[in-house]
Amino acid sequence: MSSTQAEELKGKFVESTNLEKRAADILTRLRSLREQDAPTHGGRVLSYVYDSGLAALDELAADAARLVQPVNGLDPTVFPSTAVMERELVAFAREFLHGASDPAADTDTDTDTDTGGVVVGNVTSGGTESCVLAVKAARDFRGLPPGEGSLVLPTTAHAAFHKAAHLLGLELILVPVDPTSGRVGAQDIATAVRKDTVLIVVSAPNYPFAALDPIADVAEVARAHSIPLHVDACIGGLALPWWGDLPPWDFQVPGVTSMSVDFHKYGYSPKGVSVLLHRGRDLHRKQYFGLTDWPGYPVVNPTLLGSKSVAALAGAWAISQVLGQSGYAELVSRAQRATRALIETVQSIDGLRVVGSPVGPLFAVATDGSVPLERRVDPHRWVSAVGARGFVLQGQPASTQPDGTVLPRTTHLTVTPVTESVLGELTNALVLGADDVRGLAAAEAPPALAELAGAFERGDVTAADVLALPSDAVAAALRSAGLDPRGSADSPLDMAAVLAAVESLPREVTKRLLVEFLAGLVEP
């Protein structure tokens, strides 16, 4: 647009345009776009979304978000409502995670993050930000400069910690878990710890298999080495407090120094909102970034974001105020009944097995290798078969651990309170879906990627060769494999084949391929 054209338009657009009509048209288009999405309500998607089954909570969150729509969470001194909501949400989380302390702890000067000090924290934009900030706080509390230090965690710990190590320049030390139970051993953690270890991570429970790590035992290791211990309860933090008889896993355990819990999961709040808690103010303050040495306004950020919406915070705060612990406990009981029913169903399906002893409203399903081949059910083909019957499950590829042991390919199911209302239909889909694919071999990678895997096996190509390719070449390879991000909606992505490619190719190569695919998906 020329400067002349721009000048001519000044002051005329609003006057000459029917904004209400344009707005209505845009919303109509958005509704049409949303029709292409997987359903977020009704229990049809057993990952990604968390449906309480209570429409009133959705409306409450939407109303709260509208009230704070123009608010900038950057500065709570200008918008004090944000400080009130954050303070009360942190206090709520602190209470059910057994971090509430006696009044004396609020005024003491104890800097021991092991057992003493008040539990304090902040609201973040989600689990990933909580995890990154937990690592950042521990690194800075140790006093190590960027590029030094190590992070010890089980292979089942969330990918967010890999991202944290990458961003913060820490060496990642992955500790293998028991392939049968999915749990890490405390002694294995102890063996992995080094002098430069800034943080140990455990999960309550882990996402891949819903295994609850031996937190009290690992905490003893952490205390013996004077290393902070983070409990990642992003997925379980708003379910396990009311799940029933469990070993101690939260701030009840001496040695637990920080915890993360997502309110946009089993808190049923809009995405994204998480709470990160630290034991002790000194550790907590290391989470912050502050700057006064520039010519602008003083910058103090508790999170990675500066300017930020507080819509999700308002939704989480409002829902927590309405439900309280009693309301959450009731919703957990609904999810628990549904989880137990589904586990019983899977255990009765010939050719499948539940991995380990899952804790919380999620679990993983693998092939039952104890039965003959003709009776086995491949979990990724099962995902496709169940999907054809109207339910979305999540496939997880097999994974080789640092010690050479292999974690099986699985299907992940996240269960929510609304699942109980569709148990009959879902159970039939699980059973009949298994019948549809029983005895079939695992899916194969797309031919072009299978050929690439063969080239790796023969030594004709290396990972470095692929990683050196420009984006256009990688995109062309994806299209030749039938993985065109702009492909027709009539040809949905074959996730079983994609996961087969992930398993057959070097992981750094599949990472490169998937980055190109997702980047192409949103590229204008």
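Residues numbered from 1 in each chain as written. Predicted model: local features only at pLDDT ≥ 70, side-chain atom pairs only at ≥ 80, totals over all residues. Heavy atoms only, no water.

1. With respect to the pattern of salt bridges
Right, on to step 1. If you walk through the whole model with that rule in mind, you get 18 salt bridges.
Right, on to step 2. Note that aspartate 436 is salt-bridged to arginine 389, the shortest N-O span being 2.9 Å. Taken together, the positions of aspartate 436 in helix α14 (residues 423-437) and arginine 389 in the loop between α13 (379-388) and β12 (394-396) put the pair 47 residues apart, joining distant regions of the chain.
Right, on to step 3. Residue classification places aspartate 436 among the partly exposed residues on the basis of a relative accessible area of 43%.
Right, on to step 4. With a closest N to O distance of 2.7 Å, aspartate 460 and arginine 458 form a salt bridge.
Right, on to step 5. Owing to a relative accessible area of 52%, aspartate 460 belongs among the exposed residues under this scheme. (Salt bridge = Lys/Arg side-chain N within 4 Å of Asp/Glu carboxyl O. Helix = DSSP H or I, 4+ residues; strand = E, 2+ residues; numbered from the N terminus. Buried < 20%, exposed > 50% of the residue type's maximum accessible area, 1.4 Å probe, protein only.)

2. Structural notes on the pairing of strand β3 (residues 171-175)
Right, on to step 1. Where strand β2 (residues 150-154) and β3 come together, five bridges link them in parallel fashion. In the strand pairing of β3, valine 152 is matched with isoleucine 173.
Right, on to step 2. For the crossover that starts at β2, traverses helix α8 (residues 159-168) and ends in the parallel β3, the hand is right-handed. (Pairing = 2+ DSSP bridges. Right-handed = clockwise from strand over helix to strand, strands pointing away.)

3. Focus on the environment of arginine 142
Right, on to step 1. Mapping arginine 142 onto the fold places it in helix α7 (residues 127-142).
Right, on to step 2. Along the backbone, arginine 142 and alanine 159 are 17 residues apart, and their C-alpha atoms lie at a distance of 23 Å.
Right, on to step 3. Those residues in contact with arginine 142, other than ones at most four positions away along the chain, are Lys195, Asp196, Thr197 and Val198. (Contact = heavy atoms within 4.5 Å.)

4. Points about a nonpolar patch on the surface
Right, on to step 1. Judged by side-chain polarity, Phe289, Leu291, Trp294 and Tyr297 come together as a nonpolar surface patch covering roughly 410 Å² of accessible area.
Right, on to step 2. For tyrosine 297, a relative accessible area of 49% translates into the label partly exposed. (Patch = residues over 30% accessible without salt bridge, like charges linked within 9 Å, V, L, I, M, F, W, Y side chains within 5 Å. Areas by Shrake-Rupley, 256 points an atom, 1.4 Å probe, with all protein chains shown as cover.)

5. Overview of the packing of helix α4 (residues 55-67) against helix α12 (residues 311-347)
Right, on to step 1. Relative orientation of the contacting elements α4 and α12 amounts to 150 degrees, with a least axis distance of 6 Å. One finds that α4 runs roughly antiparallel with respect to α12. Crossing hand, α4 versus α12: right-handed. Facing Leu57, Leu60, Ala61, Ala64 and Ala65 of α4, the residues of α12 in contact are Ala311, Ala314, Gly315, Ala318, Ile319, Val322, Leu323 and Leu331.
Right, on to step 2. Among the residues making up the contact of α4 with α12, the classes are represented as 12 nonpolar, one polar and no charged. (Axes fitted to C-alpha atoms, helices over the stretch in contact; angles between N-to-C directions. Parallel < 35°, antiparallel > 145°, perpendicular 65-115°, else oblique. Left-handed = near helix turned anticlockwise from the far one by under 90°. Nonpolar A, V, L, I, M, F, W, Y, C, P; charged D, E, K, R; others polar.)

6. Details of the confidence of the model for the protein
Interpretation of this model should avoid reading the predicted coordinates in detail wherever pLDDT is low.
Right, on to step 1. Summary statistics for the protein give a mean pLDDT of 93 and a share of 94% for residues scoring 70 or more.
Right, on to step 2. Note that pLDDT drops below 50 for residues 102-111; the model gives that stretch 11 contacts with residues more than four away or on any other chain. (pLDDT = per-residue confidence, 0-100.)

7. Considering the environment of glutamate 344
Right, on to step 1. Considering the arrangement of structural elements, one finds glutamate 344 in helix α12.
Right, on to step 2. Here glutamate 344 falls in the exposed class, since its relative accessible area comes to 54%.
Right, on to step 3. Spatially, the C-alpha atoms of glutamate 344 and glycine 324 are 31 Å apart, while their sequence positions differ by 20 residues.

8. Section: the nonpolar core
Right, on to step 1. Membership of the largest hydrophobic core comes to 75 residues, with the highest contact counts inside it found for Ile189, Ile200, Ile215, Trp249, Phe263, Val275 and Tyr328.
Right, on to step 2. The element best represented in this core is α12, accounting for 10 residues. (Core = buried A, V, L, I, M, F, W, Y, C linked by side-chain atoms within 4.5 Å.)

9. Describing the sheet that holds strand β5 (residues 229-232)
Right, on to step 1. Here we have seven strands laid out as an open sheet, ordered β1-β7-β6-β5-β4-β2-β3, and mixed in their pairing. Since the sheet does not close on itself, it has two edges, and those belong to β1 (119-124) and β3, each with one partner. On average, adjacent strands in this sheet sit at an angle of 20 degrees to one another, irrespective of strand direction.
Right, on to step 2. Of the pairings in the sheet, the one linking β1 to strand β7 (residues 274-279) comprises six bridges and is antiparallel in character. The residue bridging valine 123 from the neighbouring strand is valine 275, located in β7.

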